[in-house]
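Spelled out from the first residue to the last, the chains are:
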Amino acid sequence: MAEQKPLAAVQAALAAEHAAVYGYGVVGARISAAREAEARAAYDAHRARRDTLRRTATDLGGTPVAAAAAYTLPFAVPGSAAAVRLAADLEDRVAAVYADLVRAATADLRRDAAGWLREAAVRAVRWRGESVAFPGLAERAADPVSASPSAVAPSPTPSPSPA
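Residues numbered from 1 in each chain as written. Predicted model: local features only at pLDDT ≥ 70, side-chain atom pairs only at ≥ 80, totals over all residues. Heavy atoms only, no water.

Novice: Explain empty space enclosed by the protein residue by residue, including any values.
Specialist: The tally for this structure, following the rule as stated, stands at 1 cavity of 30 Å³ or more. Computed from the structure, the largest cavity encloses a volume of approximately 40 Å³. Forming the walls of the largest cavity are Glu17, Ala45, His46, Arg49, Val94, Tyr98, Trp116, Glu119, Ala120 and Arg123. When residues in the lining of the largest cavity are grouped by element, the largest group, 4 residues, is from helix α4 (residues 107-128). (1 Å grid on protein atoms, 1.4 Å probe; cavity = no way out; pocket = protein on both sides within 12 Å on 5 of 7 lines; lining within 4 Å. Points joined across faces, edges and corners; volume = space filled by probe spheres on them. Helix = DSSP H or I, 4+ residues; strand = E, 2+ residues; numbered from the N terminus.)

Shown next as structure tokens:
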């Protein structure tokens with residue numbers, strides 16, 4: 001029973017990483033050339049974290065949650081400015097689930113989750129150009145909607161690819 005709380009938090013973080021990978025696909029399609037490398041690096045980081053969390057869920061005795069077939073973005077992303085805003089939003093949402101994982105985990109997993117929270121917070125600052133006092137926590141107090149475990153919500157039906 002002791003493993004259930006960390007496993008649930010790992011699964012929530014994995015779901016958020018699935019959504020972040022999807023969201024960064026949209027960011028990459030809309031971002032300006034000047035920030036393409038930054039978007040690609042974030043996309044790669046989230047893919048790597050997703051893969052790590054899959055292994056962690058399995059190590060904790062769970063079956064890793066699968067990615068949704070499609071996700072609904074929190075707002076329209078018609079161009080580069082909106083893509084930057086989406087990237088910051090994705091990082092805030094991922095930071096929130098890592099804050100939960102820090103609370104639920106122990107030992108090495110807690111240390112790793114704290115590092116992942118820090119990485120998400122740093123990326124959010126780079127995208128937004130400003131910081132928040134308590135990454136992963138401040139966003140929850142200000143906007144309960146952004147505290148959802150996934151960065152973008154799974155769509156009940158497949159959504160068309162962004163044009």
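Next comes the rest of the account.
Novice: An account of the pattern of salt bridges is needed here, citing residue identities and associated values.
Specialist: Scanning the entire structure with this criterion turns up 11 salt bridges. As a salt-bridge pair, aspartate 44 and arginine 40 come within 3.7 Å of each other at their nearest N and O atoms. Residue aspartate 44 and its partner arginine 40 are both found in helix α2 (residues 36-59); the two are separated by 4 residues, about one turn of the helix. On the accessibility criterion, aspartate 44 (33% relative accessible area) is partly exposed. Across the pair aspartate 89 and arginine 93 runs a salt bridge, and its minimum N-O distance is 2.7 Å. Of this pair, aspartate 89 and arginine 93 both sit in helix α3 (residues 80-104), separated by 4 residues, roughly a single helical turn. Residue aspartate 89 is classed as buried on the basis of its relative accessible area of 15%. On the accessibility criterion, arginine 93 (9% relative accessible area) is buried. (Salt bridge = Lys/Arg side-chain N within 4 Å of Asp/Glu carboxyl O. Buried < 20%, exposed > 50% of the residue type's maximum accessible area, 1.4 Å probe, protein only.)

Novice: Quick rundown of α4? Include the residues and the values.
Specialist: A rise of 1.5 Å per residue sets the reference length of α4, with its 22 residues, at 32 Å; its end C-alpha atoms lie 32 Å apart and thus fit the reference within 8%. Buried within α4 we find Leu109, Ala113, Gly115, Trp116, Leu117, Ala120, Ala121, Arg123, Ala124 and Trp127. Glycine 129 occupies a position one or two residues after α4 and carries a positive phi of about 85°. (Expected span 1.5 Å × (residues − 1).)

Novice: Describe the side chain of arginine 49, naming the residues involved and giving the relevant values.
Specialist: Assignment of secondary structure puts arginine 49 in helix α2. Beyond its immediate sequence surroundings of up to four residues, arginine 49 is in contact with Glu17, Tyr98, Trp116 and Glu119. (Contact = heavy atoms within 4.5 Å.)

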